[in-house]
Amino acid sequence: MLDSKCIFCKIIKKEIPAKIIKENEHVMVIEDIHPKAPVHYLVLPKKHVININYLQESDFNLVTEMVKIVQEITKNIQDSTGKQVDFNLISNNGEGAGQSVFHMHWHFISGKNLYLDGFKL
Ligand code: AMP
Ligand code: ZN
């Protein structure tokens with residue numbers, strides 16, 4: 001289930017420290033160690049899956065749990081007008097797409113408009 005050499009598995013097992021924002025049986029949300037925005041969290045399944053390409057049918061409940069915990073988090077973060085925050089969820093899958101930690105995760109980014117620097121989807 002967990003990989004002894006994987007840094008995120010070590011965080012999940014609490015063998016190395018991280019700022020834990022929220023966790024339950026299936027998912028952990030931590031603060032990114034090098035935040036790229038005022039809010040930059042990582043949403044991790046508590047199972048060592050390399051990335052979306054490696055997810056099996058039996059893992060799909062983890063994806064639901066990841067979405068649910070994102071909703072729980074946004075319920076508790078408001079912008080200056082009291083509205084639930086806007087956010088980006090980014091998932092790098094594979095080295096060629098910029099993945100550097102090979103335990104599936106979503107970057108939860110808020111408080112910064114990533115599209116102001118010219119990048120567009
Ligand atoms: P990616 O490049 O999409 O694989 O993202 C990996 C992310 O993990 C990067 O944003 C790193 O800053 C972050 N990261 C690496 N090591 C740690 C750690 N020990 N605690 C928290 N975040 C980490
Ligand atoms: Zn792992």
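Residues numbered from 1 in each chain as written. Chains lettered and ligands numbered in written order. Predicted model: local features only at pLDDT ≥ 70, side-chain atom pairs only at ≥ 80, totals over all residues. Heavy atoms only, no water.

Student: Mind showing me how you'd approach unusual backbone geometry here?
Tutor: Peptide bonds are, in most cases, trans, and in most cases residues other than glycine have a negative phi. Positive phi outside glycine occurs at K14, with the angle close to 65°. Looking at the secondary structure, you find K14 in the loop between α1 (7-12) and β1 (20-23). (Helix = DSSP H or I, 4+ residues; strand = E, 2+ residues; numbered from the N terminus.)

Student: What am I meant to see in the site of ligand 1 here?
Tutor: Near ligand 1 there are 17 residues, and of these D32, N92, S100, V101 and H107 occur at the shortest range. With respect to ligand 1, the side chain of N92 contributes an N or O atom lying 2.9 Å from an oxygen atom. Between an oxygen atom of ligand 1 and a main-chain N or O atom of G98, the distance comes to 3.0 Å. The protein chains hide 87% of the 500 Å² of surface that ligand 1 would expose on its own. Elements with a contribution of two residues or more to the shell around ligand 1: α1 and β2 (27-31). (Near = heavy atom within 4 Å. Polar contact = N/O pair within 3.5 Å; in protein donor to acceptor, adjacent residues only side chain to side chain. Areas by Shrake-Rupley, 256 points an atom, 1.4 Å probe, with all protein chains shown as cover.)

Student: Is there a simple way to explain the coordination of the zinc ion (ligand 2) in this structure?
Tutor: Looking at the zinc ion (ligand 2), one finds its protein donor set to be C6 (SG), C9 (SG), H48 (ND1) and H103 (ND1), positioned 2.0 to 2.3 Å from the metal centre. One can describe the donor arrangement at the zinc ion (ligand 2) as tetrahedral, given that its 4 donor atoms subtend angles of 107 to 114° at the metal. Looking at H48, the relative accessible area reads 22%, which means it is partly exposed. (Donors = N, O, S within 2.8 Å, 3.2 Å for Na, K, Ca; no water. Tetrahedral: all angles 85-135°; square planar, octahedral: opposite > 155°, others 65-115°. Buried < 20%, exposed > 50% of the residue type's maximum accessible area, 1.4 Å probe, protein only.)

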